[in-house]
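So you can see what is in the structure, the chains are spelled out below.
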Amino acid sequence: MQNILKDDAFFTPGQLPVHLFYTDYSESLGFHSHEFTEIAIMLNGSAVYETDFSAETITAGDVVIIPRGGLHRYSKECDVKLINILFHFDQLNIPVHNICRHPGYVALFGIDPEYYREKKYYPKLHLNDDQLAYLRTILLFAFERQKSKCPGHLLAVYGAFMQTIPILLDNFAPDHKARQIPLPEKFRQTLNGMLENYQKELSIAELAKKSGMSISTFTRTFKKALGKSPRQYLLTLRLEAAREFLRNGASVTEAADKAGFRDSNYFTRLFHKHLHSLPKSWKNM
């Protein structure tokens, strides 16, 4: 029977949506999934990492990223030391609009979990010795602070997470790059244009024309490349930008307008639907 690890076992409502979990034995869990995203970093030893569509041996320095709902387990563990980062990326107060320009962002955090399951592949990468030693130090330090619940432990966890993400982005798996479909140059230019002009009225017909494609071909190519439709991607850009504006002190109305939402009430409904919080509540939190 499949185990499903629930949010409420690891996260406290209204607090940091990041939790560290250290283990030297995971086989007893069997096949399981969870309601959050997980980064598993192998600090030592080896194990067979299995999903419902693959099995491979992972060793020290290997990192696997398991999306929400991803079925997996570990077996044949040998001297394993594993640090897991459990999190909800879309609930974090970070400048995603800035880092989404990094090519590794879409590969590791910007794709819908269903897309990975359809492709029968979850991201994997490998750290060099210096990177592994560095992350081992900061993550285990943060884990001990979290375990003791000493003053400032959430800051330690958040800081360790924030230092981990750039290293992962810079090392996202070469084999994942190979799996990505080749994108025509005009299509790439259109993506860059969406990043630069997300707050403007952008019609799918005009975006398709700039890419030199029909609307149906553009939409199909977009979904294959990013795992979501052009409208979904544009909405993500706007919501992430709005969160950054709120974080920097803008009012709800100002954040909505700067991010390209002409109706603040409509913005509030979308924010709540996709980010599970009202803009004002999120800003105050």
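As a starting point, this report considers the structure included with it. (Residues numbered from 1 in each chain as written. Predicted model: local features only at pLDDT ≥ 70, side-chain atom pairs only at ≥ 80, totals over all residues. Heavy atoms only, no water.)

1. Some thoughts on the overall build of the protein chain
Right, so step 1: Regarding its fold elements, the protein chain presents 13 helices and eight strands.
Right, so step 2: Split into buried and exposed, the 285 residues of the protein chain put 48% on the buried side.
Right, so step 3: Intrachain contacts of the protein chain at a sequence separation of at least 6 include 74% that bridge at least 24 residues.
Right, so step 4: For the protein chain, the accessible surface area stands at approximately 14,400 Å², while carbon and sulfur atoms represent 52% of it. (Helix = DSSP H or I, 4+ residues; strand = E, 2+ residues; numbered from the N terminus. Buried < 20%, exposed > 50% of the residue type's maximum accessible area, 1.4 Å probe, protein only. Contact = heavy atoms within 4.5 Å. Areas by Shrake-Rupley, 256 points an atom, 1.4 Å probe, with all protein chains shown as cover.)

2. Side note on the packing of aromatic side chains
Right, so step 1: Inspection of the entire model under this criterion finds 14 aromatic pairs.
Right, so step 2: Measuring from centroid to centroid gives 5.5 Å for Phe 10 and Phe 36, while their planes differ by 80 degrees, and the two rings are edge-to-face. Of this pair, Phe 10 sits in the loop between β1 (3–5) and β2 (18–23) while Phe 36 sits in the loop between β3 (32–34) and β4 (37–51), placing them 26 residues apart in sequence. We note that Phe 10, like Phe 36, is buried.
Right, so step 3: With a centroid separation of 5.8 Å and 70 degrees between ring planes, the pair formed by Phe 187 and Phe 222 is classed as edge-to-face. Linking Phe 187 in helix α7 (residues 185–196) with Phe 222 in helix α9 (residues 215–226), this pair joins segments that are 35 residues apart in sequence.
Right, so step 4: Here Phe 187 falls in the buried class, since its relative accessible area comes to 0%.
Right, so step 5: What makes Phe 222 buried here is its relative accessible area of 0%.
Right, so step 6: Taken together through their ring pairs, the aromatic side chains of Phe 10, Phe 11, Phe 21 and Phe 36 make up a single cluster. (Phe/Tyr/Trp six-rings, centres within 6.5 Å; stacked < 30°, edge-to-face > 60°.)

3. A short note on the nonpolar core
Right, so step 1: By size, the foremost hydrophobic cluster in this structure holds 33 residues, and its most contacted members are Ile 39, Ile 41, Ile 85, Phe 109, Leu 127 and Leu 139.
Right, so step 2: A per-element tally of this core places helix α5 (residues 153–170) first, with eight residues.
Right, so step 3: The contacts of Ile 41, once residues within four sequence positions are left out, are Asp 62, Val 63, Lys 81, Leu 82, Ile 83, Ile 85, Leu 127, Leu 132, Leu 135, Leu 139 and Thr 164.
Right, so step 4: With 30 residues, the next largest nonpolar core counts Leu 195, Leu 234, Leu 237 and Leu 239 among its residues. (Core = buried A, V, L, I, M, F, W, Y, C linked by side-chain atoms within 4.5 Å.)

4. Observations regarding the packing of α7 against α9
Right, so step 1: Their axes nearest at 12 Å, the elements α7 and α9 cross at an angle of 75 degrees. Taken together, the axes of α7 and α9 are roughly perpendicular relative to one another. Seen from α7, the contacting residues are Phe 187, Thr 190, Leu 191 and Met 194; seen from α9, they are Phe 218, Thr 221, Phe 222, Ala 225 and Leu 226.
Right, so step 2: Among the residues making up the contact of α7 with α9, the classes are represented as seven nonpolar, two polar and no charged. (Axes fitted to C-alpha atoms, helices over the stretch in contact; angles between N-to-C directions. Parallel < 35°, antiparallel > 145°, perpendicular 65-115°, else oblique. Nonpolar A, V, L, I, M, F, W, Y, C, P; charged D, E, K, R; others polar.)

5. Some thoughts on helix α12 (residues 264–275)
Right, so step 1: For α12, which comprises 12 residues, the first-to-last C-alpha distance of 16 Å matches the rise-based estimate of 16 Å (1.5 Å per residue) to within 8%.
Right, so step 2: Looking at α12, one finds that the buried residues are Phe 267, Leu 270, Phe 271 and Leu 275. Buried positions in α12, seen along its axis, are confined to an arc of 105 degrees and lie on one side of it. Exposed and oriented more than 90 degrees from the buried face of α12 are Asn 265, Arg 269 and Lys 273.
Right, so step 3: Elements in contact with the buried residues of α12: α10 (230–247), α11 (252–258) and α13 (279–284).
Right, so step 4: Residue Asp 263 occupies the N-cap position of α12, its side-chain oxygen lying 2.8 Å from the main-chain nitrogen of Asn 265.
Right, so step 5: Of the residues one or two after α12, His 276 is the one with positive phi, at around 60 degrees. (Expected span 1.5 Å × (residues − 1). Arc of directions from axis to C-beta. Polar contact = N/O pair within 3.5 Å; in protein donor to acceptor, adjacent residues only side chain to side chain.)

6. Topic: the side chain of Asn 84
Right, so step 1: Considering the arrangement of structural elements, one finds Asn 84 in strand β7 (residues 72–87).
Right, so step 2: Judged by its relative accessible area of 3%, Asn 84 is buried.
Right, so step 3: Apart from residues lying up to four places away in sequence, Asn 84 is in contact with His 19, Leu 20, Phe 21, Thr 23, Glu 38, Ile 39, Ala 40 and Tyr 74.

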